[in-house]
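Each chain, written out:
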Number of protein chains: 2
Amino acid sequence: MDTHVVIMAGGIGSRFWPMSTPTCPKQFIDVLGVGKSMIQMTVERLAPICQLDHMWVVTSADYISIVREQLPSIPTENILAEPAARSTAPCIAYACWKIKQKYPDANIVVTPSDALVIDVTEYRRVIAKALEFTADSDSIVTIGIKPTRPEVGYGYIHAIHSDEEIQKVEAFKEKPDLETAKAYLADGSYLWNAGIFVWNVRTITSAISTYVPQIAEVIEEMSKAFYTDSEEATVKRLFPTCEKISIDYAVMEKAPHIYTIPAEFGWSDVGTWGALHTILPKDSEANAVVGENVSMFDSTGCVVHTSSLKKVVIEGLDGYIVTEKDGALLICRLSDEQRIREFHD
Amino acid sequence: MDTHVVIMAGGIGSRFWPMSTPTCPKQFIDVLGVGKSMIQMTVERLAPICQLDHMWVVTSADYISIVREQLPSIPTENILAEPAARSTAPCIAYACWKIKQKYPDANIVVTPSDALVIDVTEYRRVIAKALEFTADSDSIVTIGIKPTRPEVGYGYIHAIHSDEEIQKVEAFKEKPDLETAKAYLADGSYLWNAGIFVWNVRTITSAISTYVPQIAEVIEEMSKAFYTDSEEATVKRLFPTCEKISIDYAVMEKAPHIYTIPAEFGWSDVGTWGALHTILPKDSEANAVVGENVSMFDSTGCVVHTSSLKKVVIEGLDGYIVTEKDGALLICRLSDEQRIREFHD
């Protein structure tokens, strides 16, 4: 089985300003204070099931140098630059056509670069199971996370219950309102869509050709330059002409043979400060702190993430985000984190 | 009239951490965001009534280079180093003995280096009036500030009411409790002690000799080395042997002929964050901001003072101090500012 991994790392992480900035977004940051960035943790997590020269990173042209620096063990030629953001379908198409040209039997895991997994062993077991399933079939597997709360921030996968671990997908569901999310949680057959896809390269290129032929045509044209000196220029010229559409809309909601594995490996997309607060270790007053020399007095339920500051003293804050990076500081109520984007426009 | 000014600049400003640190305390900081430090404003305020080579600064040996840098127009030899902090009586004795040796007819204003005056014209008129009064008499004038609120943070001067502008002092009063401060305010004959003294050099050296002879003896011995190459070494050896005592205890509460001028020139010792908040210009939500690129959202009654940060966003804070300097950050309720000293021990 010729396993490949495609890591999508094009996000700009605007919800985590100023910790995350367009210059250095969340996937490249040591969000958890563990000494590794999210993308480094993603590679580590997958390394036992995929050799490093079969790992591919698709990212914005702006982030190529960060990726090279943070992932020196991934071959430079496996780091693909999107000259413009075109959502996930063109991104995946570029990587998969490129892989197909050299590895026509590739079996591929596509994953975001900035999610957290707690139980890495179970994660690898689930991914391996999915890879086994797709290796010799035209099925697509999307990993579903068993919900632990009525989360309104994620899309859902509606599975058709069966006794098998791998279940047929009934439908994909948009982010629900709270009532619906509660019903999903109670029902038990609704799973969080983690954006982790497993397929073999024939299946996905064929599905893209069928459901978004415009993208397939552009990428086919691009592919003539793959692995040549003119690849960069050709991609720069053609890639931005792709339709901007997510893989979910483009393929997942249309293709047949979509399966899911309901998984429990402690997953989070770490998509909000609230999610980060939930994930991080907390002191007895429920403060989560990443940063050097931070002292909390008479404060509860805060999430603090500092980078350049040498000493921080916080007194009398309840339920706040305090975050600093490279000379920018944000102090904001956790309950108002959805306003962060407006603050730094 | 041979007017001299002695600026006492030895404070370590621990109440304003981290804006003010022992490395660079409050008097050397642009606390008000006007482009000048407190000591630079003090010199500017007095320059029209005292030539610059008759201005003297007494400071910690640690701050000599900061003073030279901030006050390049004051002769280097007028910047006196205290090798150890011995409160105000030895500090004033050192400066006044040194002045006496070269200027036996000097008439001297002694002032803190870190207070604010709003009405500088009135301030100069009052100081000139006091200087006129002390030039040919053995009187001491201490400037009294007419209280505008029942302040418990200042010592008081109890004046004997008269129709003259210059009034005899009945007594000095320690910092009062709130009840007493209210009574002082209602009474009208109690004034804030601003720590601004005016006397001629014969009067003060004679008073020190009478009331704190130990200090006078040490300084007399030191004075043999004044204006010689051995001054620094001699001061280093002898000055620390002085009794540690304030000029108020040592002289003001004992000497006869103590007078005050009840003054109204918008004075503040800027001794607390609350005082700074009162002084600074405020936006419509009563936020006072000194710093580059600070945005406030849904916040009221805050005082923000940043130095190195390039961008600051604050949301949802009511009545807080936010201050940063050289990589140290403090967030603290204004009502808890008395705890600041404990935070950075």
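Residues numbered from 1 in each chain as written. Chains lettered and ligands numbered in written order. Predicted model: local features only at pLDDT ≥ 70, side-chain atom pairs only at ≥ 80, totals over all residues. Heavy atoms only, no water.

Draft legend 1. Region of interest: the overall build of chain A. Within chain A, the regular secondary structure consists of 11 helices and 17 strands. In terms of C-alpha radius of gyration, chain A reaches 21 Å, essentially the compact-globule figure of 20 Å for 345 residues. Considering only C-alpha atoms, chain A reaches an extent of 60 × 50 × 35 Å along its principal axes. Burial statistics for chain A: of 345 residues in total, 57% are counted as buried. Entry remark: accessible area of chain A is about 14,000 Å², with carbon and sulfur atoms responsible for 50%. Across chain A, 31 positive and 47 negative side-chain charges occur, with their mean positions spaced 3 Å apart. (Helix = DSSP H or I, 4+ residues; strand = E, 2+ residues; numbered from the N terminus. Rg over C-alpha atoms; globule rule 2.2 N^0.38 Å. Buried < 20%, exposed > 50% of the residue type's maximum accessible area, 1.4 Å probe, protein only. Areas by Shrake-Rupley, 256 points an atom, 1.4 Å probe, with all protein chains shown as cover. Lys, Arg positive; Asp, Glu negative; His and termini not counted. Charge placed at Lys NZ, Arg CZ, Asp CG, Glu CD.)

Draft legend 2. Representation of the pattern of salt bridges within the structure. Applying the stated criterion across every chain yields a total of 30 salt bridges over all chains. For arginine 125 of chain B, the salt bridge goes to glutamate 165 of chain B, with nearest N and O atoms at 2.8 Å. With arginine 125 of chain B in helix α4 (residues 120-135) and glutamate 165 of chain B in the loop between β7 (156-159) and β8 (167-173), this residue pair connects regions lying 40 residues apart in the sequence. Given a relative accessible area of 37%, arginine 125 of chain B falls into the partly exposed group. On the basis of relative accessibility, which here comes to 24%, the residue glutamate 165 of chain B falls in the partly exposed class. Measuring nitrogen to oxygen at the nearest pair gives 2.8 Å for the salt bridge that ties glutamate 151 of chain B to arginine 149 of chain B. Three or more residues joined by partner-sharing salt bridges are found here, namely Asp298 and Glu315 of chain A together with Arg333, Asp336, Arg339 and Glu342 of chain B. (Salt bridge = Lys/Arg side-chain N within 4 Å of Asp/Glu carboxyl O.)

Draft legend 3. Examining the interface of chain B and chain A more closely. Listed by partner, the interface residues are 28 residues for chain B and 28 residues for chain A. Around 2,400 Å² of area is buried between chain B and chain A when both sides are counted, 56% of it from carbon and sulfur atoms. When the area that chain B buries against chain A is broken down by residue, the three leading residues are Glu315, Leu329 and Ile331 of chain B, summing to 27%. Along the contact surface separating chain B from chain A lie 6 salt bridges. Close ionic contact of glutamate 315 of chain B with arginine 333 of chain A constitutes a salt bridge, the shortest N to O distance being 3.6 Å. The tally of links from chain B across to chain A stands at 22 residue pairs in polar contact (both at pLDDT 80 or more). (Contact = heavy atoms within 4.5 Å. Buried area = accessible area lost by both parts, 1.4 Å probe. Polar contact = N/O pair within 3.5 Å; in protein donor to acceptor, adjacent residues only side chain to side chain.)

Draft legend 4. Fine view of the relation of the copies chain B and chain A. The transformation that overlays chain B on chain A combines an axial shift of 0.0 Å with a rotation of 180°, and the residual RMSD is 0.0 Å. One copy is carried onto the other by what is essentially a two-fold rotation axis. (Least-squares fit on C-alpha atoms with pLDDT ≥ 70 in both.)

Draft legend 5. The packing of aromatic side chains, seen in detail. All names here are of chain A. For the structure shown, the criterion picks out 24 aromatic pairs over all chains. Ring centres of tyrosine 123 and phenylalanine 265 lie 5.1 Å apart, and the angle between their planes is 85°; on these two criteria the pair is classed as edge-to-face. Of this pair, tyrosine 123 sits in helix α4 (residues 120-135) while phenylalanine 265 sits in the loop between β10 (258-263) and β11 (267-268), and the two are 142 residues apart along the sequence. The class for tyrosine 123 is buried, based on a relative accessible area of 1%. Given a relative accessible area of 1%, phenylalanine 265 falls into the buried group. Through a chain of ring-to-ring contacts, three or more aromatic side chains come together here, namely Tyr94, Phe226 and Phe239. Of note, lysine 98 hangs over the ring of phenylalanine 226, and the distance from its end group to the ring centre comes to 5.7 Å. (Phe/Tyr/Trp six-rings, centres within 6.5 Å; stacked < 30°, edge-to-face > 60°. Lys NZ or Arg CZ within 6 Å of the ring centre and 35° of its normal.)

Draft legend 6. Fine view of the sheet that holds strand β13 (residues 294-297) of chain B. In spatial order, the strands read β12(A)-β14(A)-β16(A)-β17(A)-β15(B)-β13(B); together these 6 strands make up an open sheet with mixed pairing. Among the strands making up the open sheet, the edge pair consists of β12 (288-290) of chain A together with β13 of chain B. In this sheet, neighbouring strand axes are inclined to one another by 5° on average, regardless of whether the strands run parallel or antiparallel. Relative to strand β14 (residues 303-306) of chain A, β12 of chain A runs parallel, the two being bridged by 3 bridges. Along β14 of chain A, the bridge assignment pairs valine 290 of chain A with histidine 305 of chain A. (Pairing = 2+ DSSP bridges. Axes fitted to C-alpha atoms, helices over the stretch in contact; angles between N-to-C directions.)

Draft legend 7. Spotlight on the sheet that holds strand β12 (residues 288-290) of chain B. With respect to topology, 6 strands assemble into an open sheet ordered β13(A)-β15(A)-β17(B)-β16(B)-β14(B)-β12(B), the strand pairing being mixed. Of all strands in the sheet, those bounded by a partner on one side alone are β13 (294-297) of chain A together with β12 of chain B. Looking at each pair of strands side by side, their axes are set apart by 5° on average, direction ignored. Of the pairings in the sheet, the one linking strand β15 (residues 311-315) of chain A to strand β17 (residues 328-333) of chain B comprises 4 bridges and is parallel in character. Paired with valine 312 of chain A across the bridge in β17 of chain B is leucine 329 of chain B.

Draft legend 8. Quick look at the environment of tyrosine 227 of chain B. All names here are of chain B. With respect to the helices and strands, the residue tyrosine 227 is situated in the loop between α7 (213-223) and α8 (231-238). Considering only alpha carbons, one finds tyrosine 227 and glutamate 77, 150 residues apart in sequence, at a separation of 8.3 Å. Excluding residues within four positions of it along the chain, tyrosine 227 makes contact with Trp56, Lys98, Ile99, Gln101 and Lys102.

Draft legend 9. The environment of leucine 238 of chain A, seen in detail. Residues and elements named next belong to chain A. You can see leucine 238 is positioned in helix α8 (residues 231-238). When the C-alpha positions of leucine 238 and isoleucine 219 are compared, they lie 7.9 Å apart, and in sequence the two are 19 residues distant. Once you skip the residues sitting within four places of it in the chain, leucine 238 turns out to touch Val218, Glu221 and Met222.

Draft legend 10. Structural detail: the side chain of glutamate 231 of chain A. All names here are of chain A. Its place among the elements puts glutamate 231 in helix α8. Among the polar contacts listed, one links the side chain of glutamate 231 to the backbone nitrogen of tyrosine 227, at a separation of 2.8 Å. Residues within four places of glutamate 231 in sequence aside, it is in contact with Tyr94, Lys98, Ala225 and Phe226.

Draft legend 11. Here's a closer look at unusual backbone geometry. Cis geometry is adopted by the peptide bond preceding proline 18 of chain A, which originates at tryptophan 17 of chain A and carries an omega value of 0°. The phi dihedral of tyrosine 227 of chain A falls on the positive side, at around 60°, and the residue is not glycine. In the Ramachandran plot, alanine 286 of chain B falls in the positive-phi region, its phi being about 65° despite a non-glycine side chain. In this structure, alanine 286 of chain B sits in the loop between α10 (273-279) and β12.

Draft legend 12. Geometry of α4 of chain B. All names here are of chain B. Compared with an ideal rise of 1.5 Å per residue, which puts 16 residues at 22 Å, α4 spans 22 Å between its outermost C-alpha atoms and is within 8% of the ideal. Three or more residues of α4 are buried, namely Tyr123, Val126, Ile127, Ala130, Leu131, Thr134 and Ala135. Down the axis of α4, the buried side of the element spans an arc of 170°, and every buried residue falls inside it. Of the exposed residues in α4, those oriented more than 90 degrees away from the buried face are Thr121 and Glu132. (Expected span 1.5 Å × (residues − 1). Arc of directions from axis to C-beta.)

Draft legend 13. Inspection of the side chain of serine 189 of chain A at higher detail. All names here are of chain A. With respect to the helices and strands, serine 189 occurs in the loop between α5 (178-187) and β9 (190-200). At 3.4 Å, the side chain of serine 189 and the side chain of histidine 158 are in polar contact. The contacts of serine 189, once residues within four sequence positions are left out, are Ile157, His158 and Ala159.

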